[in-house]
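In case you want the letters, here they are:
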Amino acid sequence: MEVAGRVQNGVIVLEEGVVLPEGADVRVVCSAGPVVHVSQNRNRVQLPLVKSDRPGTLELTNERITEVLEAEDIEALKGQWDEPS
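On a predicted model such as this, the values are computed, not experimentally measured, just so you know.

### Focus: the overall build of the protein chain
Okay, step 1: Along the backbone of the protein chain there are one helix and two strands.
Okay, step 2: When its helices and strands are written in sequence order, the protein chain yields β-β-α.
Okay, step 3: Considering the protein chain as a whole, with its 85 residues, one finds that 0% of them fall into the buried category.

### Focus: the layout of surface pockets
Okay, step 1: There is about 590 Å³ of room inside the largest pocket.
Okay, step 2: For the largest pocket, the lining is made up of 19 residues, of which Val3, Leu14, Arg27, Val28 and Val29 are closest to its centre.
Okay, step 3: If you list the elements that add at least two residues to the lining of the largest pocket, you get β1 (5–8) and β2 (11–14).
Okay, step 4: Per element, the largest residue contribution to the lining of the largest pocket is three residues, and it comes from β1.

### Considering unusual backbone geometry
Okay, step 1: Its identity is not glycine, yet Asn9 carries a phi of approximately 55°, on the positive side.
Okay, step 2: When you line up the elements, Asn9 lands in the loop between β1 and β2.
Okay, step 3: With a relative accessible area of 79%, Asn9 lands in the exposed category.

### Considering a nonpolar patch on the surface
Okay, step 1: A cluster of nonpolar side chains, Met1, Val7, Ile12, Leu20, Val26 and Val28, forms an exposed patch at the surface whose accessible area comes to about 660 Å².
Okay, step 2: With respect to the secondary-structure elements, Val28 resides in the loop between β2 and α1 (62–81).

Cut-offs and rules
Residues numbered from 1 in each chain as written. Predicted model: local features only at pLDDT ≥ 70, side-chain atom pairs only at ≥ 80, totals over all residues. Heavy atoms only, no water. Helix = DSSP H or I, 4+ residues; strand = E, 2+ residues; numbered from the N terminus. Buried < 20%, exposed > 50% of the residue type's maximum accessible area, 1.4 Å probe, protein only. 1 Å grid on protein atoms, 1.4 Å probe; cavity = no way out; pocket = protein on both sides within 12 Å on 5 of 7 lines; lining within 4 Å. Points joined across faces, edges and corners; volume = space filled by probe spheres on them. Patch = residues over 30% accessible without salt bridge, like charges linked within 9 Å, V, L, I, M, F, W, Y side chains within 5 Å. Areas by Shrake-Rupley, 256 points an atom, 1.4 Å probe, with all protein chains shown as cover. Salt bridge = Lys/Arg side-chain N within 4 Å of Asp/Glu carboxyl O.

Right, dumping it as structure tokens:
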């Protein structure tokens, strides 16, 4: 059985008069394609984003990213346990 409906406030509302039994298995197929918004402002990105005399000298591995994020987390947590003046 194929039944038409629409999404209303995040809920699928079936066309008038259609009632499905509680617990019925259903499959939802969206007939409209996804909405894609394309910016009309097409500025080119200038690389490198961070100016440097030696671009590409930092070897950014997963391990190094982890170290940086952990260091930032530790610094953020330090301020939470400081006693108020």
